Amino acid sequence: MRANPSLGDLPLRPELAGEEPYGAPQLDVPVRLNVNENPYPPSVDVLADMAIATARLGKGVHRYPDREATALRAALAGYLNSQLEAAGLASAAVLGAEHIWAANGSNEVMLHLCQAFAGPSRRVLAFTPTYSMYPQYARDSHSRYLTAPRLADFTVDPLIARAAIATYRPSLAVIASPNNPTGTSTPLSSIRRILSDIEEIGVDTILVVDEAYQEFSRHPDNTALQLLGEYGNLVVVRTMSKAFAFAGGRVGYLAAAPAIVDACRIVRLPYHLSAQTQALAQVALAHADEMLSRVAELRETRDSMIERLSQLGLEVIDSDANFCLFGPFSDRHDVWQRLLDRGVLVREVGPEGFLRVCAGTPAETDAFVAAIAAVLEEL
Ligand SMILES: Cc1ncc(COP(=O)(O)O)c(C=O)c1O
């Protein structure tokens with residue numbers, strides 16, 4: 001083979017031919033509202049504790065980190081228990097480290113689930129439109145990816161879900177709630193219904209509820225966490241990347257029956273979570289109230305952004321997350337580019353003709369609204 005081969009020269013897996021690496025453009029522009037981050041950096045106090053933790057780590061950096069990340073998982077369990085308590089659900093399942101699995105972002109948690117439960121000749125079912133990484137987890141675990149449609153209001157209809165699960169008999173069925181890119185929450189009653197249908201159909205399906213954006217929901221009690229004590233095939237996936245303002249730290253996690261955690265432990269790489277990741281995430285969790293202190297404000301920003309976009313004559317999809325879809329545009333790429341030309345980065349994703357924008361600081365959100373108003377005027 002020549003010294004500097006192209007992809008086509010390499011014995012790449014055939015199903016990867018022509019594939020592009022996943023990811024939104026990372027552009028250095030003044031207003032970045034394209035990947036649903038929390039726009040606020042940590043406080044000075046949190047940064048000081050992170051610096052102390054980092055300095056302490058230095059002494060032990062010649063050793064591997066805790067392979068089981070037990071202290072981090074216990075801290076995550078404590079966080080979820082406090083979330084349940086705050087939502088008035090203290091009597092729901094009390095979680096311990098044994099119920100929690102953590103990895104480098106919920107992306108990796110989902111990949112672990114696919115590696116453990118899906119794979120060749122097995123199927124992964126999702127309800128579209130939904131998060132565009134789901135087909136990639138299936139591809140990378142050699143699983144077949146199948147979809148069933150959401151309703152016109154983007155909710156998951158339990159009857160459609162039942163029919164799809166009975167037909168496809170998937171190993172994993174995934175429901176994002178609130179959903180990305182639509183922001184739609186699926187009511188807990190529907191999740192419960194789907195779980196009981198899985199039992200009734202008699203299929204070995206694990207239901208994954210991806211609650212990456214649940215902290216932004218108007219209904220904190222609409223969490224599948226409270227069903228964990230009843231259903232051993234339920235997995236609730238969460239992340240520290242969104243409301244928790246820790247996207248750069250890369251920590252996602254799941255809560256489920258301990259046996260599901262054990263299955264993930266089989267497929268993970270040894271020492272997959274670095275000592276730095278574990279330590280900094282624990283600092284962030286010890287300051288949970290501070291890390292989440294802007295969430296109420298971001299919810300309000302989302303609501304006012306939806307209103308302001310509607311006032312501009314746009315159709316806006318109501319959202320329970322920290323972002324919303326707006327449109328429709330006959331050429332959404334053109335609108336995306338015109339916004340970028342004004343220093344505002346949004347995401348070209350979701351139903352045809354729509355763009356997605358996330359709630360930023362008041363200044364960022366104002367800049368976005370001014371930019372889209374100017375673009376509409378121009379068009
Ligand atoms: C629905 C959903 N799940 C999971 C993720 C992955 O987040 P992370 O890997 O940063 O935890 C995202 C990120 O955008 C998402 O929108």
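Structural notes on the overall build of the protein
Line of reasoning, step 1. Helix and strand content of the protein: 12 helices and 12 strands.
Line of reasoning, step 2. Taking 379 residues into account, the globule formula puts the C-alpha radius of gyration at 21 Å, and the protein, at 21 Å, falls close to it.
Line of reasoning, step 3. A buried classification covers 53% of the 379 residues belonging to the protein.
Line of reasoning, step 4. When contacts within the protein are restricted to residue pairs at least 6 apart in sequence, long-range pairs at least 24 apart make up 74% of them.
Line of reasoning, step 5. As displayed, the protein offers around 16,800 Å² of accessible surface, 52% of which is attributable to carbon and sulfur atoms.

Brief notes about a negative patch on the surface
Line of reasoning, step 1. Together, Asp45, Asp49, Asp289 and Glu290 make up a negatively charged patch on the protein surface.
Line of reasoning, step 2. The set of elements that each furnish at least two residues to the negative patch consists of helix 1 (44-58) and helix 9 (288-291).
Line of reasoning, step 3. Within the secondary structure, Asp49 sits in helix 1.

Some points on the domain arrangement of the protein
Where interface size is quoted, it is often the accessible area lost as the parts come together.
Line of reasoning, step 1. Domain assignment breaks the protein into domain 1 (26-42 + 293-378) and domain 2 (48-286).
Line of reasoning, step 2. In this structure, domain 1 and domain 2 have C-alpha centres spaced 26 Å apart.
Line of reasoning, step 3. Taken residue by residue, the interface counts 23 residues in domain 1 and 19 residues in domain 2.
Line of reasoning, step 4. Summing both sides of the interface, domain 1 and domain 2 together bury roughly 1,700 Å²; the carbon and sulfur share of this comes to 54%.
Line of reasoning, step 5. Scanning the region where domain 1 abuts domain 2 turns up 3 salt bridges.
Line of reasoning, step 6. Elements with a minimum of two residues in the side of domain 1 that touches domain 2: helix 10 (295-311) and strand 10 (323-327).

Digging into helix 8 (residues 275-286)
Line of reasoning, step 1. Taking 1.5 Å of rise per residue, 12 residues should cover 16 Å, and helix 8 covers 17 Å from first to last C-alpha, within 8% of that figure.
Line of reasoning, step 2. Listed as buried for helix 8 are Thr277, Gln278, Ala279, Ala281, Val283, Ala284 and Leu285.
Line of reasoning, step 3. On its buried side, helix 8 packs onto helix 1, helix 2 (70-86) and helix 9.

With respect to the sheet that holds strand 7 (residues 234-239)
Line of reasoning, step 1. Taken in spatial order, the 7 strands line up as 2-8-7-6-5-3-4 in an open sheet, and their pairing is mixed. Of all strands in the sheet, those with a lone pairing partner are strand 2 (100-103) and strand 4 (144-149), marking the two edges. When the angles between neighbouring strand axes are averaged without regard to direction, this sheet yields 25 degrees.
Line of reasoning, step 2. On the sheet, helix 2 packs against strand 2, strand 7 and strand 8 (252-255) and is oriented at approximately 115 degrees with respect to strand 2.
Line of reasoning, step 3. In the packing of helix 7 (residues 258-267) onto the sheet, the strands contacted are strand 2, strand 6 (206-210), strand 7 and strand 8, and the crossing angle to strand 2 comes to about 30 degrees.

Reading the values: the criteria
- In this numbering scheme, every chain counts its residues from 1 along its sequence in written order.
- In keeping with the predicted nature of the model, local features appear solely for residues at pLDDT of at least 70, side-chain atom pairs appear and are counted solely at 80 or more, and the whole-chain, interface and lining totals rest on all residues.
- Side-chain numbers come from the whole structure's heavy atoms, not from hydrogens or water.
- To qualify as a helix, a DSSP run of H or I must reach at least 4 residues; to qualify as a strand, a run of E must reach at least 2; elements of each kind are numbered from the N terminus.
- The size measure is the radius of gyration over C-alpha atoms, and the globule rule it meets is 2.2 Å times the number of residues to the 0.38 power.
- Buried residues are those whose accessible area, probed at 1.4 Å on protein chains only, stays under 20% of the maximum for their type, while exposed residues exceed 50% and partly exposed ones sit between those limits.
- Contacts between residues were defined by any pair of non-hydrogen atoms, one from each residue, lying within 4.5 Å.
- Note on areas: Shrake-Rupley, 1.4 Å probe, and residue coverage restricted to the protein chains presented here.
- A patch is a set of surface residues, each over 30% in relative accessible area and not in a salt bridge, joined within 9 Å for like charges and within 5 Å for the nonpolar side chains Val, Leu, Ile, Met, Phe, Trp and Tyr.
- Definition used for salt bridges: Asp or Glu carboxyl oxygen within 4 Å of a side-chain nitrogen of Lys or Arg.
- Lys and Arg are tallied as positive, Asp and Glu as negative. Neither His nor the chain termini are counted.
- Here the site of a charge means atom NZ of a Lys, CZ of an Arg, CG of an Asp or CD of a Glu.
- Marked domain ranges trace back to an automatic or database domain assignment.
- As a working definition, buried area equals the accessible area (1.4 Å probe) given up by two parts on being put together, with both sides summed.
- Take the number of residues in a helix, subtract one, and multiply by 1.5 Å to get its expected span.
- Paired strands, in this sense, are two strands between which DSSP finds at least two bridges.
- Between N-to-C directions, angles cover 0 to 180 degrees, with each direction set by a line fitted to C-alpha atoms, over the stretch in contact for helices.

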